[in-house]
Structure formats: C-alpha cells, structure tokens
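Structural characterization, general
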Amino acid sequence: MKSILNYFSSPLLKIPLLAGLITGVLCFLYFLGLYFLGIPALGNIRVLDYGIHIIVMIATVWYYRKYIGHGRLHLWEGLTIGYVLNTIAALITGWLVYLFVTQIDPGVFTEYVINSKKLLLDGKKQITDQFGPETFAEQWNKVVNMQPSVLLPDELSKKTALAVLPVLIISLIFRKQDYSVLQ
C-alpha cells in the first residue's frame, strides 16, 4: 500500500490530480448555476465549462514549471499534467452530475431526453436523406432508451476529445528545456 501512495506522491501526478479535483467541482458548480438559473443544465451551453478546464490547465502547468521544474518543463510533463487533470475533472464532474440527476432532481435528465428527442426530430429529414431511415431509427432508439448512466462516459469522451488540441498548445507554450547538454 505504501508503494502505491509513494507513486501518487510524485508532483507530476499529485498536482494535476488535485487540480483535476478542483476543476471537477468548479464545473459541477457551473452545472448547478445553470440549473438554478433555469437554463437546461444538460444542454449544449454546458460545454462552455471546458473554459474552466483550460484556465486551470494553464495555471497548473505554469505552477509546475515555476515551482517544481524551476523554470523548466518538458513537453511530456505538460501533456501528462493536461491529460491527468482533464480526465480527473471529467470523472468528478460526471459523477457529481450523475448523483445530482439520480438523487436530487431526475427532472433534469428527463428534460435532457425530451430536448434530445426534439433535436433529433428537427434533423430527421437531413439524417434520413444522408444516412437512411435505419440510422434515424437507431438514433431514436438510443435517445428513447437513454439512462442517466450514460452521463459519465459521455462526459469523459467529450472532454477527452476537446482536450487534444488545448493540452498540446498549452504544453508547447510552456515548454522550456535545458539544452546545455547539446553544447
């Protein structure tokens, strides 16, 4: 057990894990803010919470470079920090939203399913023209049979897809290596 704890005491894991936890809670607070304002909390506007991810990623990579790396940061360190932070934040947010939807207000998920059905019906002609009626029927069945358990993998997959470019850009911007070995 001690070896596992020692593994996670490395600053390269400890700092992004902590930052990911903070980011996940902040994203959940954004979700709650939308909920209390009467905006569909599981709608498309919720994607804007990825801005929180980016801000915290920048701050975490900067902190790591300044205080742990003493002004130096390898590309792989920046990538590790970004992806660990992003994954932990998505998991925390997904679980908190899932618990909220299943334990506190299931109406949020019901509204999400209704809005998804409406959106799918609005694009029915385009979907059937491009992909055929079988694809529309398949998508319709997925929406009708959707359960709250879909929220966690959905959150994780969306945030992972959104993370690729920002993590790379942040890592490249803050990258600074010691090139003295080349001289």
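Up top is the structure these notes are about.
The rules behind these values
- Residues numbered from 1 in each chain as written.
- Predicted model: local features only at pLDDT ≥ 70, side-chain atom pairs only at ≥ 80, totals over all residues.
- Heavy atoms only, no water.
- Helix = DSSP H or I, 4+ residues; strand = E, 2+ residues; numbered from the N terminus.
- Phe/Tyr/Trp six-rings, centres within 6.5 Å; stacked < 30°, edge-to-face > 60°.
- Buried < 20%, exposed > 50% of the residue type's maximum accessible area, 1.4 Å probe, protein only.
- Patch = residues over 30% accessible without salt bridge, like charges linked within 9 Å, V, L, I, M, F, W, Y side chains within 5 Å.
- Areas by Shrake-Rupley, 256 points an atom, 1.4 Å probe, with all protein chains shown as cover.
- Salt bridge = Lys/Arg side-chain N within 4 Å of Asp/Glu carboxyl O.
- Core = buried A, V, L, I, M, F, W, Y, C linked by side-chain atoms within 4.5 Å.
- Contact = heavy atoms within 4.5 Å.

**Regarding the environment of V47**
Checked against the element boundaries, V47 lands in the loop between α2 (11-37) and α3 (50-68). V47 sits 77 residues away from K124 along the chain, and the two C-alpha atoms are 24 Å apart.

**Details of unusual backbone geometry**
In this model, H70 sits at a positive phi of 55°, which is unusual for a non-glycine residue. Among the secondary structure elements, H70 is positioned in the loop between α3 and α4 (75-104).

**A word on the packing of aromatic side chains**
Counted under the stated rule, the structure contains 10 aromatic pairs. Taking the centre distance of 6.1 Å and the plane angle of 90° together, the rings of W62 and Y67 count as edge-to-face. Taking the relative accessible area as the measure of exposure, Y67 reaches 43% and is therefore partly exposed. Put simply, the rings of F28, F31, Y35, F36 and F100 touch in pairs and so form one group of aromatic residues.

**A few points about a nonpolar patch on the surface**
Together, L18, L21, I22, V25, L26 and L29 line one region of the surface with nonpolar side chains, adding up to about 500 Å² of accessible area. Here L18 shows up in helix α2.

**Considering the nonpolar core**
Counting residues in each nonpolar core, the largest one holds 19 residues, and the members touching the most others are F31, L42, V97, V101, V108 and F109. Counting residues per element, the ones that place at least two in this core are α2, α4, α5 (107-122) and α7 (133-144). The dominant element in this core, judged by the number of residues it contributes, is α5, at 5 residues.

**As for the environment of T23**
For T23, the location among the structural elements is in helix α2. Note on T23: relative accessible area 0%, which makes it buried. The spacing of T23 and D49 is 26 residues in sequence and 9.5 Å in space, taken between C-alpha atoms. If we skip the residues at most four places from it in the chain, T23 touches I52, H53, V56, L85 and A89.

**Digging into the environment of V108**
Residue placement: V108 occurs in helix α5. For V108, a relative accessible area of 5% gives the class buried.

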